[in-house]
Structures are given as structure tokens and as C-alpha cells.
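Report on the structure
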Amino acid sequence: DWIMGDYISEAVDRIRAQVGDEEVILGLSGGVDSSVAAALIHRAIGDQLTCVFVDHGLLRLNEGDMVMEMFEGKLHAKVIRVDASELFLGKLAGVSDPEAKRKIIGGEFVTVFKQEAAKLKASGAGHKGATFLAQGTIYPDVIESGGAKSKKAVTIKSHHNVGGLPEQLGLKLLEPLRDLFKDEVRELGVALGLPPEMVYRHPFPGPGLGVRILGEVKKDYADLLRRADAIFIEELRNFKDEATGKSWYDLTSQAFTVFLPVKSVGVMGDGRTYDYVVALRAVQTSDFMTADWAELPYALLKKVSGRIINEVRGINRVTYDVSSKPPATIEWE
Ligand code: XMP
């Protein structure tokens, strides 16, 4: 609509005025905020923007390719994809404590991003290189950063909206979404041409599947979890609630699959199986501080468990998490 159109052209003018002929780098995570920031800044300054997408190997199925397809393929933005999955998995080997895992993932993320930023700053493709660091900081982040919200809050945003990083890199900060609330960021994203499915996605934690694989993270576990989770999400999108016509994906605030590193006995054909277990988690909440488990239709749960057990060899049991927050948290770690 024209109001958003006005907003975009004003924001574009502001970014151009601030950046001039200098260059900008941005850490793209695939999340809503960094995606919308990237799309907006790209609209304003095109190739003066370089996005750095650090793939820690703990993303969802095909997520990395989707990010590349969208930003490089469709928007024609410059994107450097760093496949750091082996590095991250190596650092996580033998580590099972949730907060220790978070620290490693957040810390490595900053290290890898800094290396890429330093390279870009040095390279400069014929001129001076990047002088701005762009971040998808939104208004609620600005308010929150006054005081830490929880044990996780510090790490939560910290590896994408990194405090202190611009100074360490000697870069100026560009934060074009600083005055916007989440719903405004989403509207802006759609107006900029990002697909609504991307802009209205459930939140996904920075440490990704790293906190959805209980205990030690292993590549095999991540691969099984990715496939099981993709089935759950696909069926949530397929199943419509008759009363409202909305999909169960849109009727839940967050839904995902958790990998439990325990084996249980099953039977297939005339053989016995001894395979892993996953838990499905779906919640409804307005603020993520408290949450109710979602009363998903049995037919949906049945379809999902049948598909996971039949299609994902290595998983022979699916459970549904019926715990609310508090006292349970939304994530299992
Ligand atoms: P919990 O599990 O504490 O989660 O009920 C509340 C919300 O925060 C998300 N979450 C995280 N997000 N890094 C993030 O970026 C984290 O380490 C992290 N831990 C939890 C969680 O997905 C939910 O939306």
C-alpha cells in the first residue's frame, strides 16, 4: 500500500544519505530481521551491500539454499556463503551442556563473521572496502538491551546483533529497522518483495538445531532431525483448521521437532528395530514468556508420526510434548 511505499522511499533516502558511496556488510541469518534489513538496504544501495551468511550446519532442511536462492538468485544481492558446518561440529564434539553449546555456537559465529568482515575490509575491490556494519536490530531489541531478560537473552540476539562488534571491527553501524516493531518489520518485508512464508515464519533460535538435539550434537543426529522436522512443518502447513480456514502452522506460534539421543524398540516387517526417538513440540503464545502446548488435531499428529517413522530410517518413535511454559520452557534446552 502507498503508506508502506512512502516509508520505503524515505528509508531508502535515509540509508543513501548515511552511507554515501561507502560499503556495507551485513550478517544474514535467514531470520526475519536480518532478511528484511538486507532487502531494504539492498533496495537503497544495491551492490554497495555485501551479505555474509554463516552456515553453522545447524540450520533446517534446505534453509541455506533457500537463503541463497532468495537473496542471490531473486534479489541479485551480493552474498558470501560461508560453510562452517565442520568447524562448528568439531567445536561441539563432546559438549553436552546446553549453555556451553550456546556459548560455543555464539562465539564461533562471531569469530567466523569477524574473519569474513576483515577479509572484505581488506579486499575493498579496488577501493576502501566495507566501512559500515548493518544489523537487523528492531525496536524491541533496543528496549531490551537495557537489561538482560533471561539467562538466554544475552546470547539470544548476541550473535546476530552483536554488541561491541562494530567497534572491534572498526565499522560504523547501520540499523535501518531500529524504530520498527516486529509486525511492521514483517509488513515492510512483504512490501519489499520477500515471500510471506519467509516473513511470517516461526522464530528460530540462533543456535538452531544445536539446542534441539539434546546433549552432544552430532552430524547424524542433525541429519535425522532436519528430515523429521521438515515433515512436521510441511504437514502443519497442509492441515487447515475448518473453523478458521487457517493452517495449523499459522495457528501455532512455534513448532518444531526435538531429537532425543535415546533408542527404543520397535518392529518393522518381521524384524525388530532399535532406533531413535523424536518429540514434536507446538505451542501457542503471545509473548513467548508463557506458552500453552497446542491442541493439534489427532489426524495431524497421526499423519506426521506415520510419515516420520516410515520416511526417516533411524527414527522409530514419535512423541508429542504436552508441557506448558512455565514450568517447562519452549525449547528443550
Ligand atoms: P524458551 O525455551 O526459553 O524460549 O521458552 C523462549 C523463546 O526464545 C527462543 N530461544 C532462543 N533464541 N537463542 C535464540 O536466538 C537462544 O539461545 C534461544 N533459546 C531460546 C525460543 O526458540 C523461544 O522462541
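The structure we're discussing is the one just above.
Below you will find a few notes about this structure.

Conventions we followed
Residues numbered from 1 in each chain as written. Predicted model: local features only at pLDDT ≥ 70, side-chain atom pairs only at ≥ 80, totals over all residues. Heavy atoms only, no water. Near = heavy atom within 4 Å. Polar contact = N/O pair within 3.5 Å; in protein donor to acceptor, adjacent residues only side chain to side chain. Areas by Shrake-Rupley, 256 points an atom, 1.4 Å probe, with all protein chains shown as cover. Nonpolar A, V, L, I, M, F, W, Y, C, P; charged D, E, K, R; others polar. Helix = DSSP H or I, 4+ residues; strand = E, 2+ residues; numbered from the N terminus. Expected span 1.5 Å × (residues − 1). Buried < 20%, exposed > 50% of the residue type's maximum accessible area, 1.4 Å probe, protein only. Contact = heavy atoms within 4.5 Å. Salt bridge = Lys/Arg side-chain N within 4 Å of Asp/Glu carboxyl O. Patch = residues over 30% accessible without salt bridge, like charges linked within 9 Å, V, L, I, M, F, W, Y side chains within 5 Å. Lys, Arg positive; Asp, Glu negative; His and termini not counted. Charge placed at Lys NZ, Arg CZ, Asp CG, Glu CD. 1 Å grid on protein atoms, 1.4 Å probe; cavity = no way out; pocket = protein on both sides within 12 Å on 5 of 7 lines; lining within 4 Å. Points joined across faces, edges and corners; volume = space filled by probe spheres on them.

Let us now look at the site of the ligand. Residues in contact with the ligand amount to 12 residues; listed here are only the nearest, Arg102, Gln254, Lys325, Ile330 and Glu331. Here an oxygen atom of the ligand sits 2.9 Å away from a polar atom, N or O, in the main chain of Gly206. Lys325 places a side-chain nitrogen or oxygen 2.6 Å from an oxygen atom of the ligand. Here the ligand has 500 Å² of accessible area as a free molecule, and 88% of this is covered by the chains. Of the residues contributing to the shell around the ligand, the split by class is five nonpolar, three polar and four charged.

The terminal C-alpha atoms of helix H11 (residues 219-238) lie 29 Å apart, and with 20 residues this matches the ideal 28 Å at 1.5 Å per residue to within 8%. For H11, the set of buried residues is Tyr221, Ala222, Leu224, Leu225, Arg226, Ala228, Asp229, Ile231, Phe232, Ile233, Glu235 and Leu236. Those residues of H11 that are buried are in contact with helix H12 (248-251), strand S6 (254-268), strand S7 (271-284), helix H13 (298-311) and strand S9 (315-320).

Moving on, we come to the side chain of Glu63. Assignment of secondary structure puts Glu63 in helix H3 (residues 63-74). In contact with Glu63, other than residues within four places in its own chain, are Arg201 and Phe204.

Scanning the model with the defined rule gives 18 salt bridges in all. One salt bridge in this structure joins Arg307 and Glu235, with 2.7 Å as the shortest N-O distance. In this pair, Arg307 sits in helix H13 while Glu235 sits in helix H11, placing the two residues 72 residues apart along the sequence. Its relative accessible area of 16% is what places Arg307 among the buried residues. Among the ionic contacts, a cluster of salt bridges with common partners joins Glu234, Glu235, Lys303, Arg307 and Glu311.

Structurally, His202 is set in the loop between helix H10 (196-199) and H11. Take His202: its relative accessible area is 9%, and that puts it in the buried class. At a separation of 3.2 Å, a polar atom in the side chain of His202 contacts the main-chain amide nitrogen of Ala255. Residue contacts for His202: discarding those within four places in its chain leaves Tyr249, Thr252, Ser253, Gln254 and Ala255.

On the surface, Asp179, Asp183, Glu184 and Glu187 cluster together into a negatively charged patch. Tracing the sequence through the fold places Asp183 in helix H9 (residues 182-191). Overall, Asp183 belongs to the partly exposed group, its relative accessible area being 49%.

At the junction of Lys325 and Pro326, the peptide bond is cis and its omega measures out at -15 degrees in the coordinates. By the element assignment, Pro326 lies in the segment after S9. In this structure, the amide linkage connecting Pro326 to the following residue, Pro327, adopts the cis form with an omega of 5 degrees. In this structure, Pro327 sits in the segment after S9. Positive phi outside glycine occurs at Asn62, with the angle close to 65 degrees. Along the chain, Asn62 turns up in the loop between strand S2 (49-55) and H3. Looking at Asn62, the relative accessible area reads 47%, which means it is partly exposed. Of note, the phi angle at His76 is positive, near 55 degrees, even though the residue is not glycine. Note on placement: His76 falls in the loop between H3 and strand S3 (78-83).

Reported here for the second largest pocket is a volume of approximately 580 Å³. Lining the second largest pocket are 22 residues, with Leu61, Met66, Glu197, Arg201 and Arg237 sitting closest to its centre. Looking at the lining of the second largest pocket, its residues break down into 10 nonpolar, two polar and 10 charged.

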